[in-house]
Amino acid sequence: MTAKIIDGNKISEAIRQEVKSQVEELKEKRGITPGLAVVLVGENPASVVYVRNKGRACQEVGMYTETIRLPAEISEAELLSTVAQLNNDLKFHGILVQFPLPRHIDEGKVINAVNPNKDVDCFHPINVGKILVGEPRFLPCTPAGVQQLLIRGGYDPGGKHVVICGRSNIVGKPLLAMLVQKRAGANATVTVCHTGTNDLAYHTRQADILVAAAGSPRVITADMVREGVVIIDVGINRVEDPSTKSGYRLVGDVDFDGVKEKAEAITPVPGGVGPMTIAMLLSNTVKAAAS
Ligand code: GUN
C-alpha cells in the first residue's frame, strides 16, 4: 500500500478562499477591514521569509497589514512599548511578533504583553488556558492546521488514538488540549511522547494517527508505525543535499519514503502543515476583527 497524500496546499487554499469571503462580508456589512500587525526584530533570514509570506497572504485575502521592522539591538523595553502601541491601535485586530527574538529579549514578557484579544498566534497564557477548559478564543496556528488537515483530509480524530511526538508550547501541548476536548473534530484519546519517553517506538506503534513534531529530521521510521496509520508531519528540517542547487533540502520528522509504504495517509514536507499555518493565521485575524 502506498499512502494517500494529504495535500496542505490544496486544503490551505480552500481555507484562504473562505477567509477571503469572510473579509469581503466584514467590509461590506460592517465596514471593518481586518488588520494584522507583524513585528520583525532583526534580520533572521528564515523569519524575513516567513514575515514576507504572512504579509502577502494578508493582502491576497483583502486584509490590511503592516510589517514593523525593528533593529536587532532594540531594547526589551522599546519592543514592549511598540507592542503596547499596537494594542491601542484600532487599525490592527491581530498582532504577531515573529519569533525567535534576539537573546537579550525575554520572549515570555513579549507574549504576555500582547492584548489577548489581538493574540492571533494564541501564545498568551490566557488563550492557552482557554483552550484547555474548552472555551477557545483562538486556536494556535500550527495545531489548528494539523486539526484541519485531519478533518478536511477525511480522518476525523474522534474516537481515535492520536500519538503526538513533541511537547512544545507551540505544537504538542496545545494540540493535546485541542484534541482531547469533547467536541466535533476532536474527542480523541491522546498520548504525548517527548524526550523523557521510554521506548518511543512502543508508543508510536499504538497510534491510529501520529503527529510528528519532534524537531529532528526523519526520526520516525517505518518500523515505528503500524500498517494503516495516518501521519501528520509537522517537522521542517534542512538537510544537506549536494544534488540540489542550494545544497540542501527540506525534510520532515518522518522518513517519508519508508513510512509511506505502511501508512494509510501522510502529509508531505514541504506542502503539508507549512502552508496551513498561514491560512490559520488569516482565519484567526478575521475572527479577531469580527468579535
Ligand atoms: N516563528 C516560527 N513560527 C512562528 C509562529 O507561528 N509565530 C510566531 N510569532 N513566530 C514564529
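As a reminder, the structure under discussion sits directly above these lines.
Predicted, not measured: the structure shown is a model, and the values here were computed from it.

### Looking at the overall build of the chain
Each helix and strand counted, the chain has ten helices and eleven strands in total. For the chain, the C-alpha radius of gyration of 19 Å lies close to 19 Å, the compact-globule estimate for 291 residues. When contacts within the chain are restricted to residue pairs at least 6 apart in sequence, those whose partners lie at least 24 apart make up 70%. When the accessible surface of the chain is totalled, it reaches about 13700 Å², and 51% of it is carbon and sulfur. Here the chain carries 32 positive and 31 negative side-chain charges, and the mean point of each set is 3 Å from the other.

### Looking at the site of the ligand
The immediate surroundings of the ligand are formed by Leu-96, Val-97, Gln-98, Phe-99, Asp-121 and Phe-123. One nitrogen or oxygen atom from the side chain of Gln-98 is found 3.2 Å from a nitrogen atom belonging to the ligand. Between the ligand and Phe-99 there is a distance of 2.9 Å, counted from a nitrogen atom to a backbone nitrogen or oxygen. Among the cavities detected, the one that contains the ligand is the largest pocket. Split by residue class, the shell around the ligand holds four nonpolar, one polar and one charged.

### Comments concerning a nonpolar patch on the surface
There is a patch of nonpolar side chains on the surface, built from Tyr-50, Ile-236 and Leu-250 and spanning about 270 Å² of accessible area. Along the chain, the position of Tyr-50 falls in helix H2 (residues 45-60).

### Overview of empty space enclosed by the protein
Inspection of every chain in the model, using the stated rule, returns one cavity of 30 Å³ or more. Volume-wise, the largest cavity comes out at about 80 Å³. As for the largest cavity, its lining consists of Ile-95, Leu-96, Val-97, Phe-99, Val-110, Ile-111, Val-114, Asp-119, Asp-121, Phe-123 and His-124. Those elements that provide at least two residues to the lining of the largest cavity are strand E4 (94-97) and helix H4 (107-113). Considering each element in turn, the lining of the largest cavity owes the most residues, three residues, to E4. Classifying every residue of the lining of the largest cavity by side-chain character gives eight nonpolar, one polar and two charged.

### Considerations on the layout of surface pockets
Approximately 1400 Å³ is the volume found for the largest pocket. In terms of lining, the largest pocket is formed by 50 residues, of which the most central are Tyr-50, Gln-98, Thr-142, Ile-236 and Thr-277. Mapped by element, the contributors of at least two residues to the lining of the largest pocket are H2, E4, helix H6 (141-152), strand E9 (237-240), strand E10 (248-251) and helix H10 (273-290). Empty space within the second largest pocket amounts to approximately 360 Å³. Lining the second largest pocket are 22 residues, with Leu-139, Gln-147, Gln-148, Met-280 and Lys-287 positioned closest to its centre. Broken down by secondary-structure element, the contributors of at least two residues to the lining of the second largest pocket are helix H1 (8-30), H6 and H10. Of all the elements, H6 adds the most residues to the lining of the second largest pocket, at five residues. When its residues are assigned to classes, the lining of the second largest pocket shows ten nonpolar, eight polar and four charged.

### Focus: the sheet that holds strand E2 (residues 35-41)
The strand order E3-E2-E4 describes an open sheet built from three strands, whose pairing is parallel. Of all strands in the sheet, those with a lone pairing partner are strand E3 (64-70) and E4, marking the two edges. Recorded for the sheet is a direction-independent mean angle of 15 degrees between the axes of neighbouring strands. Pairing geometry for E2 and E3, over seven bridges, is parallel. When the sheet's bridge partners are listed, Leu-40 is paired in E3 with Arg-69.

### Notes on the packing of H1 against H6
Between H1 and H6, the shortest axis-to-axis distance is 10 Å and the interhelical angle comes to 100 degrees. In terms of their interaxial angle, H1 and H6 are classed as roughly perpendicular. Contacts between H1 and H6 involve Gly-8, Ile-11, Ala-14, Ile-15 and Glu-18 from the former and Gln-148, Leu-149 and Arg-152 from the latter. For the contact of H1 with H6, a count of residues per class yields four nonpolar, two polar and two charged.

The rules behind the values
Residues numbered from 1 in each chain as written. Predicted model: local features only at pLDDT ≥ 70, side-chain atom pairs only at ≥ 80, totals over all residues. Heavy atoms only, no water. Helix = DSSP H or I, 4+ residues; strand = E, 2+ residues; numbered from the N terminus. Rg over C-alpha atoms; globule rule 2.2 N^0.38 Å. Contact = heavy atoms within 4.5 Å. Areas by Shrake-Rupley, 256 points an atom, 1.4 Å probe, with all protein chains shown as cover. Lys, Arg positive; Asp, Glu negative; His and termini not counted. Charge placed at Lys NZ, Arg CZ, Asp CG, Glu CD. Near = heavy atom within 4 Å. Polar contact = N/O pair within 3.5 Å; in protein donor to acceptor, adjacent residues only side chain to side chain. 1 Å grid on protein atoms, 1.4 Å probe; cavity = no way out; pocket = protein on both sides within 12 Å on 5 of 7 lines; lining within 4 Å. Sits in = over half its atoms within 2 Å of the grid points. Nonpolar A, V, L, I, M, F, W, Y, C, P; charged D, E, K, R; others polar. Patch = residues over 30% accessible without salt bridge, like charges linked within 9 Å, V, L, I, M, F, W, Y side chains within 5 Å. Salt bridge = Lys/Arg side-chain N within 4 Å of Asp/Glu carboxyl O. Points joined across faces, edges and corners; volume = space filled by probe spheres on them. Pairing = 2+ DSSP bridges. Axes fitted to C-alpha atoms, helices over the stretch in contact; angles between N-to-C directions. Parallel < 35°, antiparallel > 145°, perpendicular 65-115°, else oblique.

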